[in-house]
Amino acid sequence: MTVRVLLCDDQALVRSGFRMVLEAREDMEVVGEAENGAGALELAARCRPDVILMDVRMPVMDGVEATRRLARTGTSARIVILTTFDSDEYVYEALRAGASGFLLKDVQPAQLIDAVRVVARGEALLAPTVTRRLLDRFAHTLPDRAGSAPAALSELSERELEVLTLLASGLSNAELAERLFLSETTVKTHVSSILRKLGLRDRVQAVVLAYQAGLVRPPPA
């Protein structure tokens, strides 16, 4: 299967570099380039990419708003936020808006290719420890949502709620299996059930929701 990728970054040099890396692989095709979020919306509708690499800080429309609007359209494209990490406090907001993960802009070529393939398969892009580090860093910048747990959480079984809480604490599937005395296959089944019941697309959104619901709290800023 050829993975169709849309590049969205206001720096032509960044787009050119990513295009060169991606199109060097037989299973990758760059179907468009946009220099801002508004352009990404237009090209996403026209080109129907599988993966969108989305910068955060852009003129006209930033990556967070573009991600939010794309998510509302019900697009099947997986959105990956491009960030410098140390300066982009908006990454957490982008994940809440519907992004499936993030990549550092200085990502190595092999890591970029692997990340695009992982996301295209519908799998989680972020390692649990990276997810936790990101949320710990930026969650305090958002309004306190403790106690605002969505009603759908009541549909989770006791075990599923336990899995969600531990998942949001940064444990991998293997660590979850060890902690709960379950097989990794069983853990994956629980995670899939959690995503289905909560109407979420991936593990990253499940972690964000757990923070929003107050199941896990970040340390003091």
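Notes on the structure follow. (Residues numbered from 1 in each chain as written. Predicted model: local features only at pLDDT ≥ 70, side-chain atom pairs only at ≥ 80, totals over all residues. Heavy atoms only, no water.)

As a further point, take the overall build of the chain. Across its full length, the chain carries ten helices and five strands. The buried share of the chain, taken over its 221 residues, is 49%. Contacts in the chain between residues at least 24 apart in sequence constitute 70% of all its contacts with a sequence separation of at least 6. If you sum the accessible surface of the chain, you get close to 10600 Å²; carbon and sulfur atoms cover 50% of it. (Helix = DSSP H or I, 4+ residues; strand = E, 2+ residues; numbered from the N terminus. Buried < 20%, exposed > 50% of the residue type's maximum accessible area, 1.4 Å probe, protein only. Contact = heavy atoms within 4.5 Å. Areas by Shrake-Rupley, 256 points an atom, 1.4 Å probe, with all protein chains shown as cover.)

We now examine the packing of helix H8 (residues 173-180) against helix H9 (residues 184-198). Between H8 and H9, whose axes approach to 9 Å, the crossing angle comes to 105°. Classified by the interaxial angle, the pair formed by H8 and H9 is roughly perpendicular. Every residue of H9 that contacts H8 at Asn173, Ala174, Leu176 and Ala177 is listed here: Glu184, Val187, Lys188 and Val191. Its residues placed into classes, the contact of H8 with H9 shows five nonpolar, one polar and two charged. (Axes fitted to C-alpha atoms, helices over the stretch in contact; angles between N-to-C directions. Parallel < 35°, antiparallel > 145°, perpendicular 65-115°, else oblique. Nonpolar A, V, L, I, M, F, W, Y, C, P; charged D, E, K, R; others polar.)

Once that is clear, we can look at helix H10 (residues 203-212). In terms of burial, H10 is a largely internal element, nine of the ten residues being buried. When H10 is considered as a whole, its buried residues turn out to be Arg203, Val204, Gln205, Ala206, Val207, Val208, Leu209, Ala210 and Tyr211. Just past H10, the residue glycine 214 takes up positive phi, approximately 85°.

So, on to the pairing of strand E4 (residues 78-83). Most of E4 sits out of view: six of its six residues are buried. Side chains of E4 alternate between two faces, with Arg78, Val80 and Leu82 and Ile79, Ile81 and Thr83 buried alike. Sheet topology note: the strand E3 (residues 51-55)/E4 ladder contains five bridges and is parallel. By the bridge assignment, aspartate 55 is partnered in E4 with leucine 82. This β-α-β element, E3 to helix H3 (residues 63-72) to E4, shows right-handed connectivity. Relative to strand E5 (residues 101-104), E4 runs parallel, the two being bridged by four bridges. (Pairing = 2+ DSSP bridges. Right-handed = clockwise from strand over helix to strand, strands pointing away.)

It is worth spelling out unusual backbone geometry at this point. Trans is the common state for peptide bonds, and a negative phi is the common state for residues other than glycine. Phi angles above zero are rare outside glycine, and arginine 48 is one such case at about 50°. Looking at the element boundaries, arginine 48 is found in the loop between helix H2 (37-47) and E3. A positive phi is found at valine 60, a non-glycine position, where the angle reads about 70°. With respect to the element layout, valine 60 can be found in the loop between E3 and H3.

A pair of packed helices can be characterised by two numbers: the angle between their axes and the separation between those axes. At a closest axis distance of 10 Å, the pairing of helix H7 (residues 158-168) and H9 adopts a crossing angle of 95°. One finds that H7 runs roughly perpendicular with respect to H9. Residues Arg159, Glu160, Val163, Leu164 and Leu167 of H7 form the contact with H9, whose own contacting residues are His190, Val191, Ser193, Ile194, Lys197 and Leu198. Per-class residue counts for the contact of H7 with H9 are six nonpolar, two polar and three charged.

What follows concerns the environment of threonine 83. Tracing the backbone shows threonine 83 in strand E4. Along the primary structure threonine 83 and aspartate 55 are separated by 28 residues, whereas in three dimensions their C-alpha atoms are 6.6 Å apart.

Turning to the side chain of glutamate 160, a few remarks are in order. Of note, glutamate 160 is situated in helix H7. On the basis of relative accessibility, which here comes to 6%, the residue glutamate 160 falls in the buried class. A distance of 2.9 Å separates a polar atom in the side chain of glutamate 160 from the backbone nitrogen of serine 157. Side-chain polar atoms of glutamate 160 contact the side chain of lysine 197, separated by 2.9 Å. The contact partners of glutamate 160, leaving out residues within four places of it in the chain, are Glu155, His190, Ser193, Ile194 and Lys197. (Polar contact = N/O pair within 3.5 Å; in protein donor to acceptor, adjacent residues only side chain to side chain.)

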